[in-house]
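A structural walkthrough
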Amino acid sequence: MGIKQFIKNGYLHIGNFLYENRSSKVIYYHDLHDKDSFTPMSTPVDLFKKHLDIIAMNDYDIVKSIDKNDLQLEITFDDGFRGLYENFSIFIDRNIPVKLFTVTSFIGKNGYLTDYELKNMYDTGLLSIGSHTHTHSDLEILTKDQIYDELKRSKEILGDMLNCEVDTLCYPRGRFNDTAVECAKDLGYSKQYTCLPGNYFEHFREGLINRSLVQAASDKEFQKILNGADKVFYKRYLKQHYHPES
């Protein structure tokens, strides 16, 4: 174990002591793989299945949309890598809903989902779709017009492709500012998913949803994060991801 991992585990241990709870939460990954992966951020299938077992042992219900304070969990994926499609049988066999935040300009590119694969998963009724912008640009460095274009194009492309209303957004790399939040609201994004750890109903701002990154979490780390331990990193993540405008 490296020194960074050792320190992280120490903080999670403290966080587990301070913040342990059974509140509803959102967790996120980037992709799944059995043998070959499409991104270094991909999670091995065997590890993902262990996560699912831990979720079940803790009596959490995996849902499409959280509507209870406790013991519900949303599983989300970012970007749109095609490993999710190759391993989608996991979700079908276990009847597990999942939300995918897709970068629309990546659709059909090497290593990413095609429109056919997106439609195929969506038609199962288990996949819900959200925007991850059109080009995955950092929103906090764009002008208001550029942000508006990123969010509008993505929303329209996905809506036309799947014949659905796209009203959820995930910020690229988790970075956002007040202009991005307001542009998204103006375009009808009722929920904006962040990379800030914490419980579902604890909002930095109305409509902004906390999420916990778990893609590389070991069994023990995942259990602690499920307990809410990663809230210990909240202030650090907020400083990294939220960029107030002067």
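Described below are features of the structure shown in this document. All values derive from a computational prediction rather than experimental measurement.

A look at the pairing of strand E5 (residues 72–79)
For E5, the buried fraction is high: eight of the eight residues fall into the buried class. Here strand E1 (residues 25–29) runs beside E5; their pairing, made up of five bridges, is parallel. Bridging across to E5, Val-26 finds its partner in Glu-74. Sheet topology note: the E5/strand E6 (residues 98–102) ladder contains four bridges and is parallel. By the bridge assignment for E6, Thr-76 is matched with Lys-99.

A short note on the packing of helix H6 (residues 144–162) against helix H7 (residues 178–186)
For the pair H6 and H7, interaxial distance at closest approach is 9 Å and the crossing angle is 45°. Comparing their axes, H7 and H6 come out oblique. Handedness of the crossing formed by H6 with H7: right-handed. Taken together, the residues of H7 that come into contact with H6 (itself represented by Lys-144, Ile-147, Tyr-148 and Leu-151) are Thr-179, Ala-180, Cys-183 and Ala-184. Of the residues assigned to the contact of H6 with H7, the class counts are six nonpolar, one polar and one charged.

Conventions we followed
Residues numbered from 1 in each chain as written. Predicted model: local features only at pLDDT ≥ 70, side-chain atom pairs only at ≥ 80, totals over all residues. Heavy atoms only, no water. Buried < 20%, exposed > 50% of the residue type's maximum accessible area, 1.4 Å probe, protein only. Helix = DSSP H or I, 4+ residues; strand = E, 2+ residues; numbered from the N terminus. Pairing = 2+ DSSP bridges. Axes fitted to C-alpha atoms, helices over the stretch in contact; angles between N-to-C directions. Parallel < 35°, antiparallel > 145°, perpendicular 65-115°, else oblique. Left-handed = near helix turned anticlockwise from the far one by under 90°. Contact = heavy atoms within 4.5 Å. Nonpolar A, V, L, I, M, F, W, Y, C, P; charged D, E, K, R; others polar.

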